[in-house]
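# Summary of structural features
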Amino acid sequence: MKLAITGVTGNMGQATLEELVKIEEIEKIRLLCHNKKRMKKLLKKYKKFKGKFELVEGSLLNKEVCDRLVSDVDYVVGLAAVIPPLSDQRPELAVECNEIGIKTLVKAIEDVTENQPKFIHTSTVALYGNRNSLHPWAQVGDPLLVSPFDIYSATKLRGEFCVLESEIKNWAVLRQSAMLHNNMLSDNMSDGLMFHTCFNAPLEWVTAHDSGVLIANILRRDMKEDLSKVFWKRVFNIGGGEKNWLTGYDTLNDGFKIIGGSTKNFFEPKFNAIRNFHGVWFYDGEKLDELFHYQSQSASEFWKEFGKNHSYMKLGKIVPKGLIKKFAIKRLFKNPNSAQYWVKNNDEAKVFAYFGGKDKYDAISNDWKDFGLLVENRDEEGKELDYSQLRKKENAKLIDYGFDIGKEDVTIKDLQNVAKMHGGKLLSKKFDNIYDKLEWENSDGVQFSARAFTVLKAGHWVNRTYSENVWDFDRLSKTDKIYSQIWYDSHAQNEDKLYYLDKDFTARMKNL
């Protein structure tokens, strides 16, 4: 068996490669290489497997490179992605990799006429957009309301849509949740990204190790049996399970325990955004684990192991917490990606997107006693709730899609109802198969093509974000009964903003 893989030098890619080399049935692993230095460093530890590797040098943007990559292989595993904070610093790279690169790779696979490889595409939890205590649970099929100014999410949305609408015979889309990996510190302590994390955001974590095991187990099982009825041509959420259902607050807490501290020692309520993040607990997260048995590590276990492997972190226990707060946390306020930077520099668009305006930011207390935390049984407004009950799936408040999302036999009436809920309509008069490409019209009168599966089972509904860096959900939610269920959890119904990135990727906002 031969396979090709992209993004192998990334965190999930490295974990995946570590598992793939253990599979004896794999004769050849073809690696896309666009950075020789990083690839050479990575492959040093795999000297005894040297004969298994074949490098294809070049970029996903190059069709000829992609053609060479996918030629004569059984599987293509797409892990390449430009993620935050790099996607915020270099948004043009996110467009090139996550969107244009995926389209080029998809075309290369489509062009294989004989023995076309099967394609595993990794997408992201970020497509579900901002969630809070009102709808902390999500499942495949939920509306995709990517957060304003998040170029990573927007490009991944477009890339996933391309895969779903492709002519590839066997594909699977895996939406990766928040991932714990060995570079957590270096990735988060050099940029203001961690201030985007809402303290009450529901976050389901999975480790890079478990994600790598998942990919390997998919290949092992598919080589032995036909998975077409349970896996291929479907979308799944990659989650870590109940032990990894956390919030932004206790995620930070787990990390700070290594140095004998807590979130409250180093952060203040005003440091972080109160909306416009992305994170959920997966209502259907067990589906992949039931098929491939990959979930093994908890977030708490990860951090314990992380502390052992980074023994120097223990020195933090003897350093005054005030110094750590000043020189490790507050120094990042100068970073353009931090919330404090936006406030200080009067970045009205970002302050509104992430806080609801300067007045809402100013109203946030500096004292934790006045800030409602889900983990302390208070919601965002300070009202009492039972956090343990919120975390129980049987209490989950799910989305009304206009049809029963769990049913197998979808009817044309279901399609019409979903379109109507979105404020649009189904134009096609005939429907035979869930993978049929149909014609639709959105609430703006724009016509588009999409498979019934893409709309009903994967949650896509074409709007301006699918073609440009524009987020128009304030206006759309006024008539879209699916979007409004989520959007108004963190936005006032009288908000009337259009968010967009200009040609230089600068965040802009205007009143409608």
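The preceding data block contains the structure.
Conventions used here
- Residues numbered from 1 in each chain as written.
- Predicted model: local features only at pLDDT ≥ 70, side-chain atom pairs only at ≥ 80, totals over all residues.
- Heavy atoms only, no water.
- Pairing = 2+ DSSP bridges.
- Helix = DSSP H or I, 4+ residues; strand = E, 2+ residues; numbered from the N terminus.
- Buried < 20%, exposed > 50% of the residue type's maximum accessible area, 1.4 Å probe, protein only.
- Lys, Arg positive; Asp, Glu negative; His and termini not counted.
- Salt bridge = Lys/Arg side-chain N within 4 Å of Asp/Glu carboxyl O.
- Polar contact = N/O pair within 3.5 Å; in protein donor to acceptor, adjacent residues only side chain to side chain.
- Contact = heavy atoms within 4.5 Å.
- Disulfide = S-S within 2.5 Å.
- Axes fitted to C-alpha atoms, helices over the stretch in contact; angles between N-to-C directions.
- Parallel < 35°, antiparallel > 145°, perpendicular 65-115°, else oblique.
- Left-handed = near helix turned anticlockwise from the far one by under 90°.
- Nonpolar A, V, L, I, M, F, W, Y, C, P; charged D, E, K, R; others polar.
- Arc of directions from axis to C-beta.
- Phe/Tyr/Trp six-rings, centres within 6.5 Å; stacked < 30°, edge-to-face > 60°.
- Lys NZ or Arg CZ within 6 Å of the ring centre and 35° of its normal.

One open sheet accounts for three strands, arranged E13-E14-E15; its pairing is antiparallel. The open sheet has two edge strands, strand E13 (425-426) and strand E15 (447-451), and neither has a second partner. Across five bridges, the pairing between strand E14 (residues 437-441) and E15 is antiparallel. Opposite Glu441, over in E15, you have Gln447 as the bridge partner.

Before going further, it helps to examine the side chain of Arg391. Along the polypeptide, Arg391 turns up in the loop between helix H17 (387-390) and helix H18 (412-421). Of the buried charged residues, Arg391 lacks a salt bridge, with Glu242 as the closest side chain of opposite charge at 4.7 Å. Among the polar contacts made by the side chain of Arg391, one reaches the main-chain carbonyl oxygen of Trp245 at a distance of 3.1 Å. Beyond its immediate sequence surroundings of up to four residues, Arg391 is in contact with Trp137, Glu242, Trp245 and Trp281.

Cysteine pairs can be covalently joined through their sulfur atoms, and such a bond is termed a disulfide. Taken as a whole, this structure holds zero disulfides when the rule is applied. Cys162 takes part in no disulfide bond, and the closest cysteine sulfur, belonging to Cys66, lies 11 Å away. Judged by its relative accessible area of 17%, Cys162 is buried.

With their axes 7 Å apart at the nearest point, helix H1 (residues 11-20) and helix H8 (residues 208-224) run at an angle of 50 degrees to one another. Of the possible angle classes, the one that applies to H1 and H8 is oblique. Every pair of crossing elements has a handedness; the one defined by H1 and H8 is right-handed. Listed contacts from H8 to Asn11, Met12, Ala15, Thr16, Glu19 and Leu20 of H1 are Ala208, His209, Ser211, Gly212, Val213, Ile215, Ala216, Leu219 and Arg220. Here the residues of the contact of H1 with H8 sort into eight nonpolar, five polar and two charged.

This next bit is on the sheet that holds strand E10 (residues 234-238). The seven strands lie next to each other as E3-E2-E1-E4-E5-E7-E10, forming an open sheet whose pairing is parallel. Both edges of this open sheet fall to strand E3 (53-57) and E10, since each of them pairs with a single strand only. Averaged over neighbouring strand pairs, the angle between their axes works out to 20 degrees when direction is ignored. The sheet contact formed by strand E5 (residues 118-124) and strand E7 (residues 171-176) spans six bridges and is parallel. Paired with Thr122 across the bridge in E7 is Leu174. Running over the sheet, helix H5 (residues 91-110) touches strand E1 (2-6), strand E4 (75-78) and E5 and is turned about 165 degrees from E5.

Residues Val65, Cys66, Leu69 and Val70 constitute the buried set of helix H3 (residues 63-70). For H3, the angular spread of the buried residues around the axis is 120 degrees, confining them to a single face. Elements that come into contact with the buried residues of H3 comprise E1, strand E2 (28-33), E3, E4 and H5. Capping the start of H3, Asn62 holds a side-chain oxygen 2.9 Å from the backbone nitrogen of Glu64, two or three residues further along. With its phi angle positive at about 60 degrees, Asp72 sits one or two positions after the end of H3.

Another aspect to go through is the packing of aromatic side chains. Summed over all chains, the structure comprises 35 aromatic pairs. Each ring, one from Phe231 and one from Phe292, has its centre 5.3 Å from the other, and the planes form 85 degrees; the classification is edge-to-face. Taken together, the residues span a long stretch of sequence, with Phe231 in the loop between H8 and E10 and Phe292 in helix H11 (residues 286-292) at a distance of 61 residues. The two residues Phe231 and Phe292 agree in class, both being buried. Above the face of the Tyr361 ring, Lys270 is positioned so that its terminal group lies 4.8 Å from the ring centre. The side chain of Lys497 reaches across the aromatic face of Phe352, ending 4.8 Å from its centre.

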